[in-house]
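Residue-level structural notes
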Amino acid sequence: MVTKSLRREKIKFRVRKKIIGTAQRPRLSVFRSNTEIYVQLIDDDSAKTLASASSKDKDIVAQKGTKTETSKLVGGAIARKATALGLKDIVFDRGGYLYHGRVKAVADGAREGGLQF
C-alpha cells in the first residue's frame, strides 16, 4: 500500500532529478505543512542554503490573512532576499506538491517580487 507521503516523496525525487540549482540560478524549494509554508533558495553545487523565508517570520505573522495570502507574502519575502543577494533567475521546485493553491501563490509572489523562473 502506497501512502500519501511515500507517493509525494517519489514525485519529489523524480522532479529533483531534472532540477539542479547553481550559484547563479539557485533552486527555490517549497515545503508546505498543514499550517505553515517554508521556502529556501538552494545552491545544489555547494549544497548550501542561500536564503530562506517562511510564514513564521515576524513581519509575515503580523499580517493577518488566509494561508494562500500568507503564501504570497512568503514568495515576496524570498524575492526581496534574493534580489539583495543579486539573484534574478531561479529554478522553481514545487517539492512534489501540485502547482495550485498555496504553492502557486508562492510562485506568484516571487514573480511579482522580480524573480524569473
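About the cut-offs
Residues numbered from 1 in each chain as written. Predicted model: local features only at pLDDT ≥ 70, side-chain atom pairs only at ≥ 80, totals over all residues. Heavy atoms only, no water. Helix = DSSP H or I, 4+ residues; strand = E, 2+ residues; numbered from the N terminus. Buried < 20%, exposed > 50% of the residue type's maximum accessible area, 1.4 Å probe, protein only. Contact = heavy atoms within 4.5 Å. Pairing = 2+ DSSP bridges. Salt bridge = Lys/Arg side-chain N within 4 Å of Asp/Glu carboxyl O. Core = buried A, V, L, I, M, F, W, Y, C linked by side-chain atoms within 4.5 Å. Phe/Tyr/Trp six-rings, centres within 6.5 Å; stacked < 30°, edge-to-face > 60°. Lys NZ or Arg CZ within 6 Å of the ring centre and 35° of its normal.

1. Examining the environment of T22
Here T22 is to be found in the loop between α1 (4-18) and β1 (27-32). What makes T22 partly exposed here is its relative accessible area of 23%. Put simply, T22 and A47 are 25 residues apart on the chain and 9.4 Å apart in space, counted from C-alpha to C-alpha. Non-local contacts of T22, meaning those with residues more than four positions away in its chain, are made with D43 and D45.

2. Side note on the pairing of strand β2 (residues 37-43)
For β2, a buried count of five out of seven residues is recorded, marking the element as mostly surrounded by other parts of the structure. The pairing of β1 with β2 spans six bridges and is antiparallel. Within β2, the position partnered with S29 by the bridge is Q40. A loop of four residues connects β1 with β2, the two strands running antiparallel in sequence. The pairing of β2 with strand β3 (residues 48-54) spans six bridges and is classified as antiparallel.

3. A closer look at the pattern of salt bridges
Tallied over the full model, the rule gives six salt bridges. Linking K72 and E112 is a salt bridge whose minimum nitrogen-to-oxygen distance equals 3.2 Å. Taken together, the residues span a long stretch of sequence, with K72 in helix α3 (residues 67-84) and E112 in helix α4 (residues 102-112) at a distance of 40 residues. Classification of K72 as partly exposed rests on a relative accessible area of 35%. Connected through shared salt-bridge partners, R16, R27, D44 and D93 make up one network.

4. Details of the side chain of S71
By secondary structure assignment, the location of S71 is in helix α3. In contact with S71, other than residues within four places in its own chain, are I37, R102, A105 and V106.

5. Some points on the nonpolar core
Counting 22 residues, the largest nonpolar core has L28, V30, V39, L41 and I78 as the members making the most contacts within it. Looking at this core, the elements with two or more residues in it are β1, β2, β3, α3 and α4. For V39, the residues in contact, after removing those within four places along its chain, are L28, S29, V30, A51, S52, A53, V74, I78 and V106.

6. So, the packing of aromatic side chains
One pass over the full model with this rule turns up three aromatic pairs. Arranged with centres 5.2 Å apart and planes meeting at 15°, the rings of F92 and F117 form a pair that is stacked. With F92 in strand β4 (residues 91-93) and F117 in the segment after α4, this pair connects stretches of sequence that are 25 residues apart. Judged by relative accessible area, F92 falls into the buried class, the value being 14%. Taken together, F92, Y99 and F117 form an aromatic cluster joined through their ring pairs. The ring of F13 has K12 lying over it, and the distance from NZ or CZ to the ring centre is 5.7 Å. Positioned above the aromatic ring of F117 is the side chain of R111, whose terminal nitrogen or guanidinium carbon lies 4.3 Å from the ring centre.

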